[in-house]
Amino acid sequence: MEPGTGGDVVLVAEGLAKRYGDREVVSDVSFRLRRGEVFGFLGPNGAGKTTTIRMLVGLVRPTRGRVLIEGFDVRRRFEDALRHVGCIVETPDLYRFLTGRENLEHFARMLGDGAEGRIDSLAALVRMEGRLDEPVGTYSLGMRQRIGIAQALLGDPTVLLLDEPANGLDPAGIREMRELIRHLAEERGLAVFVSSHLLSEVERTCDRVAIVHRGKTLAEGSLDELTGGGARSLEELFLERTGGETV
Ligand SMILES: Nc1ncnc2c1ncn2[C@@H]1O[C@H](COP(=O)(O)OP(=O)(O)O)[C@@H](O)[C@H]1O
Ligand SMILES: [Mg+2]
C-alpha cells in the first residue's frame, strides 16, 4: 500500500499524460475515486476520456503519471491492482453467437475463484435472468451493456469503470442504466467511474464529478461543491472553466 491512498480512496490518477506521435491527447489528468460513490468523468468528444480509461486499466501505457488501484501501482503491480477492477471500454467484448450465460461462463472460467457461482445472481442483478440463454446477437444494446456489467462484476471488483454507458441507449435504457449504477454504489459499495459527454446525465447520476477538457482535468468535486450549492449550474461551471466551450 502506497502512503496516502488508504481508506476511502480506491483509485488515484496522478498527472496522467499520453502522447501519440507528436500529439498529446491526454496532458494532465488527476482525480481520486472513493468507495461507494458514482464519479462522473465529464467532457466533450475527443477530450481524452477513453484514452484515460485505457491508461487506468493498463491497456495503454501513460507517457507520464501513474495510477494506483487499492494502493497498487498499475504499472508495477498490474495483477494486484487489476484484481479489484471491472471495466467496459467503449462497448462490451462479447461473443455474439454464444448466449449471455455462455459468455459469462467463458469469462468466469478464465477468472476462476468461484466466479461461475456468481453468474445467476449477477444475471438477476442486471435483470437479464429471463434472457440469459439466448444468443447475445439477439440482444438490444441495453441488454448487451447489462450483460457486459455482469461480466465486469464476475471477479467481485471494488471498482467499476464504465465508458459512456448511456451512449446509444433509448430514454428507458438510460434510466435503467442509471438505476443500476446507483444501486451498485449505494447497495454494494462499489466505486463506479462513469465517463460521459452528457451533462444532464452526469448531473442525474453522479455524486462527484471531474471535468475533462482537451486532455486536462479542470475541476473535481461533489456536484454541490462545483455548483456552489446550486447557485450555478454544472453547465455554467463548464463554460467558465473551458473558456466558453460546451460539452
Ligand atoms: N491510438 C491513437 N492514436 C492516435 N490518436 C488517438 C488514439 N486514440 C485516441 N486518439 C485521439 O485522442 C483524442 C482523444 O480520444 P479519446 O480518448 O477517444 O476521447 P473521448 O473518449 O473523450 O472522446 C482524439 O482526438 C483521438 O482521435
Ligand atoms: Mg470515448
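Scroll up a little and you will see the structure.
Q: Describe in detail empty space enclosed by the protein, supporting the description with residues and values.
A: Evaluated as defined, the whole model comprises two cavities of 30 Å³ or more. Here the largest cavity is characterised by a volume of approximately 120 Å³. Element by element, the count of residues in the lining of the largest cavity is highest for helix 6 (residues 171–186), at four residues. Residue composition of the lining of the largest cavity, grouped by class: nine nonpolar, four polar and three charged. Taken as a whole, the second largest cavity spans an internal volume of roughly 40 Å³. Lining the second largest cavity we find Ile-88, Glu-90, Gln-145, Ile-149, Leu-162, Asp-163 and Pro-165. Breaking the lining of the second largest cavity down by element, the ones donating at least two residues are helix 5 (141–153) and strand 7 (159–163). Within the lining of the second largest cavity, the residues separate by chemical class into four nonpolar, one polar and two charged.

Q: Please set out the pairing of strand 2 (residues 23–34) residue by residue, giving values where relevant.
A: Successive residues of a regular strand alternate their side chains across the two faces of the sheet. Relative to strand 2, strand 1 (residues 9–20) is paired through eight bridges, and the arrangement is antiparallel. Across the sheet, residue Leu-11 finds its bridge partner in strand 2, namely Leu-33. Where strand 1 hands over to strand 2, the hairpin turn is made up of two residues, of which Gly-21 adopts a positive phi near 60 degrees.

Reading the values: rules and limits
- Residues numbered from 1 in each chain as written.
- Chains lettered and ligands numbered in written order.
- Predicted model: local features only at pLDDT ≥ 70, side-chain atom pairs only at ≥ 80, totals over all residues.
- Heavy atoms only, no water.
- 1 Å grid on protein atoms, 1.4 Å probe; cavity = no way out; pocket = protein on both sides within 12 Å on 5 of 7 lines; lining within 4 Å.
- Points joined across faces, edges and corners; volume = space filled by probe spheres on them.
- Helix = DSSP H or I, 4+ residues; strand = E, 2+ residues; numbered from the N terminus.
- Nonpolar A, V, L, I, M, F, W, Y, C, P; charged D, E, K, R; others polar.
- Pairing = 2+ DSSP bridges.

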